[in-house]
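What follows is each chain in one-letter form.
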Amino acid sequence: MLELQRPDTLVERVVSAIRAEIDSGRLAAESRLPTEQQLAEQLNVSRSVVREAVAQLKADGVLIARRGLGSYISQTPSGTVFRFPGSNGRKPDLVQMFEMRLWIETQAAAIAARRRDDADLARMGQALQAMLDKRSDLASASAADVAFHRAIAEASKNDYFVAFHDFLGGQLAAARRSAWENSATPSVGGSADANREHQALYQAIADGDRLAAAACAEAHLRASARRLNIDLPELD
């Protein structure tokens, strides 16, 4: 019998319950999912809630539809889409997201310092110039910021990191714009601070100095977090 845990919404509760059955092995790969009516009765929710949960699991690659037969557990029951926990309809936890960026992007910068080529440096340089030229246009400056960090991801020569960067960038779009708005306020240092941080990071990567690149990436991320009134914990 399926049992509900304690997530945040009815849809999330159904999603979590179905995932728990899959993880336990009670719903095996390629097995048929109970019908909407059966799930609604077992979980004591409406069929519309079940329908929305099933749609999410299909979008995530956990379930597949077989025409005329219903929904089945896919061959990759863990899913094919990354989703932040409890993200539905809620703002992301910026402290945890910045902490994750701190762990990942410092290492990416170090790797980029070892693997970057002339084309990578050219893309970084173009983004830096765009940030400088468009510093009074928050939307354009923010887009150039994204392009700069994406160029670093590309310089790592790891397609998976680039894909994760793109996903994370979408989650942080509003936060990044807010950071640029705060950077434009003289009381928090002005956009010159962010430009200096980016320039130092670029130079360390261009010099091929992986330790300096990691240190610059960490300094920049901590400063970016502070511009959003976030104090990140020290790395152990």
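Residues numbered from 1 in each chain as written. Predicted model: local features only at pLDDT ≥ 70, side-chain atom pairs only at ≥ 80, totals over all residues. Heavy atoms only, no water.

A. The overall build of the protein chain, seen in detail. In terms of helices and strands, the protein chain carries ten helices and two strands. Counting from the amino terminus, the protein chain carries its helices and strands in the arrangement α-α-α-β-β-α-α-α-α-α-α-α. Looking at the protein chain as a whole, 41% of its 236 residues qualify as buried. Considering only contacts in the protein chain between residues 6 or more positions apart, those separated by 24 or more positions represent 65%. Carbon and sulfur atoms make up 50% of the accessible area of the protein chain, which totals about 12,800 Å². (Helix = DSSP H or I, 4+ residues; strand = E, 2+ residues; numbered from the N terminus. Buried < 20%, exposed > 50% of the residue type's maximum accessible area, 1.4 Å probe, protein only. Contact = heavy atoms within 4.5 Å. Areas by Shrake-Rupley, 256 points an atom, 1.4 Å probe, with all protein chains shown as cover.)

B. How the structure looks around the nonpolar core. Within the largest apolar cluster, 21 residues are counted, with the highest numbers of intra-cluster contacts made by Met124, Phe148, Ile152, Leu201, Tyr202 and Ile205. Counting only elements with at least two residues in this core, the list comes to α4 (94-115), α5 (118-133), α6 (138-155), α9 (191-206) and α10 (210-226). Beyond its immediate stretch of four places on either side in the chain, Tyr202 contacts Leu121, Met124, Gly125, Leu128 and Phe148. (Core = buried A, V, L, I, M, F, W, Y, C linked by side-chain atoms within 4.5 Å.)

C. Broad picture of the pattern of salt bridges. As enumerated under the stated definition, the model contains 15 salt bridges in all. With a closest N to O distance of 3.1 Å, Arg51 and Glu36 form a salt bridge. On the criterion of sequence distance, the pair formed by Arg51 in helix α3 (residues 47-59) and Glu36 in helix α2 (residues 36-43) is long-range, its members being 15 residues apart. With a relative accessible area of 41%, Arg51 lands in the partly exposed category. For Glu36, a relative accessible area of 24% gives the class partly exposed. The closest approach of N and O atoms between Asp120 and Lys157, which form a salt bridge, is 2.7 Å. Of this pair, Asp120 sits in helix α5 while Lys157 sits in the loop between α6 and α7 (159-171), and the two are 37 residues apart along the sequence. The partly exposed category is assigned to Lys157, whose relative accessible area is 42%. The network of salt bridges with shared partners includes Asp117, Asp120, Arg123, Arg150, Glu154, Lys157 and Asp166. (Salt bridge = Lys/Arg side-chain N within 4 Å of Asp/Glu carboxyl O.)

D. Molecular detail of the confidence of the model for the protein chain. In this model, the protein chain carries a mean pLDDT of 83, and residues with pLDDT of at least 70 account for 81%. Least confident of the elements in the protein chain is helix α8 (residues 173-183), whose mean pLDDT is 59; most confident is α5, at 95. A low-confidence stretch, residues 185-190 (pLDDT under 50), is modelled with six contacts involving residues beyond four sequence positions or located in other chains. (pLDDT = per-residue confidence, 0-100.)

E. Geometry of the pairing of strand β2 (residues 70-73). For strand β1 (residues 63-66) and β2, the ladder comprises four bridges, and the chain directions are antiparallel. Note that in β2 the partner of Leu63 across the bridge is Ile73. The turn joining β1 and β2, which pair antiparallel and follow one another in sequence, is formed by three residues; a positive phi near 80 degrees is taken by Gly68. (Pairing = 2+ DSSP bridges.)

F. Fine view of the packing of helix α1 (residues 10-24) against α3. Contact pair α1 / α3: the axes reach a minimum separation of 8 Å and the direction vectors enclose 60 degrees. When the axis of α1 is compared with that of α3, the two are oblique. Seen along the crossing, α1 lies across α3 with a hand that is right-handed. Mapping the contact onto sequence places Leu10, Val11, Val14, Val15, Ile18 and Arg19 in α1 and Val49, Val50, Glu52, Ala53, Gln56 and Leu57 in α3. Residues that form the contact of α1 with α3 fall into these classes: nine nonpolar, one polar and two charged. (Axes fitted to C-alpha atoms, helices over the stretch in contact; angles between N-to-C directions. Parallel < 35°, antiparallel > 145°, perpendicular 65-115°, else oblique. Left-handed = near helix turned anticlockwise from the far one by under 90°. Nonpolar A, V, L, I, M, F, W, Y, C, P; charged D, E, K, R; others polar.)

G. Quick look at unusual backbone geometry. At Lys157, a residue that is not glycine, the phi angle is positive and equals roughly 60 degrees. Despite not being glycine, Asn229 shows a phi value in the positive range, around 60 degrees. Its place among the elements puts Asn229 in the segment after α10. We classify Asn229 as exposed; its relative accessible area is 73%.

H. Structural view of α6. Helix length check: α6 (18 residues) gives 26 Å between terminal C-alpha atoms against 26 Å at 1.5 Å per residue, within 8%. Of the positions making up α6, those classed as buried are Ala141, Ser142, Ala144, Asp145, Phe148, His149, Ala151, Ile152, Ala153 and Ala155. Downstream of α6 by a residue or two, Lys157 has a phi angle that is positive, lying close to 60 degrees. (Expected span 1.5 Å × (residues − 1).)

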